[in-house]
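Residues per chain are reported as follows:
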Amino acid sequence: MSEEPFEPKQTDPSKPQPGESYADYLKRLDDAKKKEEEARDYGSQEYWAGFMDSGRGRSGDPNYGPIPEEYTMNGMSKAAFLCGILSLVTIVFGFSIFFGAFGILFALLSRKKKFGRQARIALWMNGIGVAAFVLTVVLAFYTLISSGIWDTMMKKIRGMDMNDPNAAAIIEQELLDEILNKYGMQMSGSGSQV
Amino acid sequence: MKISTSTIKQTARGTLIGHWNEHIAFSAALIGLELIAVWIVNLFAVTGTATAFIFRIVVAAILQVLLGLFAAGAKRHFLRSLRGEASPLADLLVPLMKQPDRYLIVGLVQIAAGFLCFAPLLLVSLFRFPNAYVTLAVLIVLSIFGIAAYAAVRATIAPAWFLLLDDESLSAGAALKKSAALMRGRVWDLIRLALSFIGYVLLAFLTFGIGFVWVLPYYYTSLAGFYEELCKQI
């Protein structure tokens, strides 16, 4: 019985296989790397969601391929994000419409095909800022109309001389007086005005 | 073949991203010139006489035609940017320096067309109908007619500016004829493209007009993209 010479079977593909020349080994490694690259679906949301969450690699790393637009940031989306913050902060001052409109504009201009994550968040923040302003204006008009101040003011305006250069200032003062007369007690809050 | 608005706008955004600084310089210069023109027109305040009114309209028309030269310069910049060519700020003055008469003629045709489209409205507004509702209805109908006709004329003329920029040997008349031929069956596509900017214009107004500095490059690049698409389809 002839005994075949013992040759251990190499199962680790990253090492040279039995009977494989060094040149073939390098070529095989190279091919395997290429196949792996081709099989990797860089475009899938799942891949990039996992990739970004894991904290591996860095932006623009050639070993990891191009970063999809969803996860890229450009100057415009950064500006939109900043406007979003300013829009939310300035809701109480009444400037949210200004920053909100800017932010929405920048967010819309930041996309190529679809919105990036930062731009989408910015769009929401700016949208809330603009909506808050619109809601404030609607509520102000509703309050003026429902309280009867609107009718009173309209009657006063009709009776005024519109050629008077101080007409606008007088109307403004009268409106303020009307509001204070109607809501002065509530606005003072302390209840000391009895 | 229909020209896709979304594809053109997507290409325009792709061209602008990363190069906003240079584009903003062009639109800011153009807006600055427009504001100067408005200021000049406002110097000729209407005093109530028909002569003053007509004089003001004539001054406004002349300034618009002159501004058309700079607008053509801006169009040249955005067209070149779309083609990946470098375009310095001096491009704004190219139509003014090189055969400005061609651009002035196209500008004059555009203004004259606008005047003709709104002439019925101007004439009717001088008369008083017995019933206020009839007056209102007639004015609304004529306004809609004027806007629609002017939009169609503007759309037909729009590629003429780019044709003049592309071919220095082309005369204004030839450019207008070629433009009309190019736009046959595609006028609505360009109007649709322009209408798609209404939202951007509203947003720009909410920023007290400052937003136009960003909206103008987007609009002009889209127009250039439309022209490129037209040329491809010939």
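Residues numbered from 1 in each chain as written. Chains lettered and ligands numbered in written order. Predicted model: local features only at pLDDT ≥ 70, side-chain atom pairs only at ≥ 80, totals over all residues. Heavy atoms only, no water.

A.B. asks: Quick one: what's the story with the overall build of chain A, residue by residue and with numbers?
C.D. replies: In terms of helices and strands, chain A carries 7 helices and 0 strands. In sequence order, chain A lays out its α and β elements as α-α-α-α-α-α-α. Split into buried and exposed, the 194 residues of chain A put 27% on the buried side. For chain A, contacts bridging at least 24 residues in sequence account for 48% of all contacts bridging at least 6. (Helix = DSSP H or I, 4+ residues; strand = E, 2+ residues; numbered from the N terminus. Buried < 20%, exposed > 50% of the residue type's maximum accessible area, 1.4 Å probe, protein only. Contact = heavy atoms within 4.5 Å.)

A.B. asks: Got a sec to walk through the confidence of the model for chain B? Specific residues and values, please.
C.D. replies: For residues with low pLDDT, the predicted coordinates do not support detailed interpretation. All names here are of chain B. Averaged over all residues, the pLDDT of chain B equals 88, while 98% of them reach at least 70. Put simply, helix 4 (residues 94-97) is where chain B has its lowest mean pLDDT, 87, and helix 9 (residues 198-206) is where it has its highest, 94. At the level of chain-chain contacts, confidence expressed as ipTM amounts to 0.85, with global pTM at 0.75. (pLDDT = per-residue confidence, 0-100.)

A.B. asks: Outline the nonpolar core, supporting the account with residue identities and numerical values.
C.D. replies: A:Leu109, B:Val106, B:Leu190, B:Tyr200, B:Trp214, B:Tyr220 and B:Phe226 are the most contacted members of the largest nonpolar core, which totals 69 residues. A total of 12 residues in this core trace back to one element, the largest contributor, which is helix 10 (residues 212-233) of chain B. Counting residues in each nonpolar core, the second largest holds 5 residues, with B:Ala37, B:Val59, B:Leu63 and B:Leu67 among its members. (Core = buried A, V, L, I, M, F, W, Y, C linked by side-chain atoms within 4.5 Å.)

A.B. asks: An account of helix 9 of chain B is needed here, citing residue identities and associated values.
C.D. replies: Since the α-helix turns once every 3.6 residues, residues separated by three or four places project in the same direction. Those residues of helix 9 of chain B not exposed but buried are B:Tyr200, B:Leu203 and B:Ala204. Each buried residue of helix 9 of chain B lies within a common arc of 100° when the element is viewed along its axis, so the set occupies one face. Of the exposed residues in helix 9 of chain B, the ones pointing more than 90 degrees away from its buried face are B:Leu202 and B:Phe205. Those residues of helix 9 of chain B that are buried lie in contact with helix 4 (96-110) of chain A together with helix 1 (5-16) and helix 10 of chain B. Where helix 9 of chain B terminates, the next one or two residues include B:Phe208, which has phi positive at roughly 60°. (Arc of directions from axis to C-beta.)

A.B. asks: Lay out the side chain of B:Arg102 in plain terms, naming residues and giving numbers.
C.D. replies: All names here are of chain B. Topologically, Arg-102 is positioned in helix 5 (residues 100-126). Buried within the structure, Arg-102 lacks any salt-bridge partner; its nearest side chain of opposite charge belongs to Asp-101, at an N-O separation of 5.6 Å. Ignoring sequence-local partners within four residues, the contact set of Arg-102 consists of Leu-164, Asp-167, Glu-168, Ser-169, Leu-170 and Ala-172. (Lys, Arg positive; Asp, Glu negative; His and termini not counted. Salt bridge = Lys/Arg side-chain N within 4 Å of Asp/Glu carboxyl O.)

A.B. asks: With reference to specific residues and values, describe the pattern of salt bridges.
C.D. replies: Residue and element names in this part refer to chain B. A full pass over the atoms with the stated rule returns 10 salt bridges over all chains. Of the charged contacts in the structure, one is a salt bridge between Arg-80 and Glu-85, with a shortest N-O distance of 3.3 Å. Notably, a salt bridge pairs Glu-228 with Arg-83, separated by 2.9 Å at the nearest N-O pair. Linking Glu-228 in helix 10 with Arg-83 in the loop between helix 3 (50-82) and helix 4, this pair joins segments that are 145 residues apart in sequence. For Arg-83, a relative accessible area of 32% gives the class partly exposed.

A.B. asks: Before we move on, could you go through the packing of helix 2 (residues 20-43) of chain B against helix 3 of chain B and cite the residues and values that matter?
C.D. replies: All names here are of chain B. As a packed pair, helix 2 and helix 3 sit with axes 10 Å apart at the nearest point and diverge in direction by 175°. On the basis of their axis angle, the class for helix 2 and helix 3 is roughly antiparallel. Touching Glu-22, His-23, Phe-26, Leu-30, Leu-33, Glu-34, Ala-37, Ile-40, Val-41 and Asn-42 of helix 2 are Arg-56, Val-59, Ala-60, Leu-63, Gln-64, Leu-67, Phe-70, Ala-71, Ala-74, His-77, Phe-78 and Ser-81, all from helix 3. (Axes fitted to C-alpha atoms, helices over the stretch in contact; angles between N-to-C directions. Parallel < 35°, antiparallel > 145°, perpendicular 65-115°, else oblique.)

A.B. asks: Any chance you could break down the environment of A:Ala32 for me, citing the residues and the numbers?
C.D. replies: Relative to the elements of secondary structure, A:Ala32 occurs in helix 1 (residues 22-39). Separated by 69 residues in sequence, A:Ala32 and A:Ala101 have C-alpha atoms that sit 52 Å apart.

A.B. asks: Break down the interface of chain A and chain B for me, with residues and values.
C.D. replies: Taken together, the contact between chain A and chain B spans 15 residues of the former and 15 residues of the latter. With both chains or domains summed, chain A and chain B bury close to 1,500 Å², and 79% of this area falls on carbon and sulfur atoms. Ranking the residues of chain A by area buried against chain B places A:Leu105, A:Leu109 and A:Lys112 at the top, with a combined share of 37%. If you look at where chain A meets chain B, you find 0 salt bridges. By residue number, the principal contributor to the side of chain A that touches chain B is helix 4 of chain A, which donates 10 residues. Grouping the amino acids of the side of chain A that touches chain B by side-chain chemistry returns 10 nonpolar, 2 polar and 3 charged. (Buried area = accessible area lost by both parts, 1.4 Å probe. Nonpolar A, V, L, I, M, F, W, Y, C, P; charged D, E, K, R; others polar.)

A.B. asks: Describe the side chain of A:Ser87, listing the residues and the values that go with them.
C.D. replies: Residue and element names in this part refer to chain A. Within the secondary structure, Ser-87 sits in helix 3 (residues 75-89). Residue classification places Ser-87 among the buried residues on the basis of a relative accessible area of 0%. Leave out the neighbours within four places in its chain, and Ser-87 touches Ser-96, Phe-99, Gly-100, Met-125, Asn-126, Gly-129 and Val-130.

A.B. asks: Summarise the environment of A:Val134; cite the residues concerned and give the values.
C.D. replies: When you line up the elements, A:Val134 lands in helix 5 (residues 117-147). Taking the C-alpha atoms as reference points, A:Val134 and A:Gly103, separated by 31 residues in sequence, lie 16 Å from one another.

A.B. asks: Outline the environment of B:Ala194, supporting the account with residue identities and numerical values.
C.D. replies: All names here are of chain B. Summarising the element assignment, Ala-194 is placed in helix 8 (residues 187-195). A residue is classified by how much of its surface remains accessible, and Ala-194, at 32% relative accessible area, is partly exposed. In this structure, the C-alpha to C-alpha distance between Ala-194 and Ser-222, residues 28 residues apart in sequence, is 9.0 Å.

A.B. asks: So what about unusual backbone geometry? Which residues, and what values?
C.D. replies: Residues and elements named next belong to chain B. Of note in the backbone geometry, Gln-99 takes a positive phi value of approximately 45° without being a glycine. If you check the backbone angles, Phe-208 has positive phi at about 60° while not being a glycine. When you line up the elements, Phe-208 lands in the loop between helix 9 and helix 10.

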